[in-house]
Amino acid sequence: MADRIELIGVEAFGHHGVFSDEKNTGQKFIVDMVVWTDFRAAADSDSVEDTINYVQLADIAVNAVEVQEGHDLIETLASKIADQIAELGGVYAVEVTVHKPQAPIAHPFGDVRVVARRSKR
């Protein structure tokens, strides 16, 4: 199982965070997804029907970020995205990274991110 599909840097606006300001104002979130699969059938057929469609992956992430009622933790957000992708046909494993570039930290920082990984094998 060495094949993978990577979708990096999907941006969406959401209302996730522990503080009421984050829930009220909202902020940008960035989602990376790595999906392990076997795409030999897709390579043979050259058909999107035989692979995991990266448009669907992006839709899953954006819909989760833009959910009406936000989560306190980005760990919850990453887990929900990973769980939904793991249910897709042909997924052996998935790793979802949620970045929160505007996290309320009073010190300079490069990134805040959490990673959720799900595996069927």
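Since we're looking at a predicted model, the values are computed, not measured.

Draft legend 1. Spotlight on the nonpolar core. Membership of the largest hydrophobic core comes to 29 residues, with the highest contact counts inside it found for Met-33, Leu-57, Ile-81, Ile-85, Val-96 and Val-98. Looking at this core, the elements that each hand over two or more residues are β1 (3-14), β2 (27-37), α3 (54-65), α4 (74-86), β3 (93-99) and β4 (113-119). Broken down by element, the residue count for this core peaks at seven residues, all from α4. Contact partners of Ile-81, with chain neighbours within four places excluded, come to Val-31, Ile-60, Ala-61, Ala-64, Val-96 and Val-98.

Draft legend 2. Up close: unusual backbone geometry. Backbone geometry at Asp-46 places phi at a positive 60 degrees, although glycine is not the residue there. Looking at Asp-46, the relative accessible area reads 72%, which means it is exposed.

Draft legend 3. Local environment of the pattern of salt bridges. One pass over the full model with this rule turns up six salt bridges. Lys-23 is the salt-bridge partner of Asp-72, the closest N and O atoms lying 2.3 Å from each other. Placement of Asp-72 in the loop between α3 and α4 and of Lys-23 in helix α1 (residues 20-25) is noted, with a sequence separation of 49 residues between them. The class for Lys-23 is partly exposed, based on a relative accessible area of 26%. Between Asp-111 and Arg-113 there is a salt bridge whose closest N-O contact spans 3.7 Å. The class for Arg-113 is exposed, based on a relative accessible area of 54%.

Draft legend 4. Quick peek at α4. Here α4 contains 13 residues, and its C-alpha end-to-end distance of 18 Å stays within 8% of the 18 Å for a straight helix at 1.5 Å per residue. Those residues of α4 that fall on the buried side of the exposure criterion are Ile-74, Leu-77, Ala-78, Ile-81, Ala-82, Ile-85 and Ala-86. Down the axis of α4, the buried side of the element spans an arc of 160 degrees, and every buried residue falls inside it. Those residues of α4 that are buried are in contact with β2, α3, β3 and β4.

How each quantity is defined
- Residues numbered from 1 in each chain as written.
- Predicted model: local features only at pLDDT ≥ 70, side-chain atom pairs only at ≥ 80, totals over all residues.
- Heavy atoms only, no water.
- Core = buried A, V, L, I, M, F, W, Y, C linked by side-chain atoms within 4.5 Å.
- Buried < 20%, exposed > 50% of the residue type's maximum accessible area, 1.4 Å probe, protein only.
- Helix = DSSP H or I, 4+ residues; strand = E, 2+ residues; numbered from the N terminus.
- Contact = heavy atoms within 4.5 Å.
- Salt bridge = Lys/Arg side-chain N within 4 Å of Asp/Glu carboxyl O.
- Expected span 1.5 Å × (residues − 1).
- Arc of directions from axis to C-beta.

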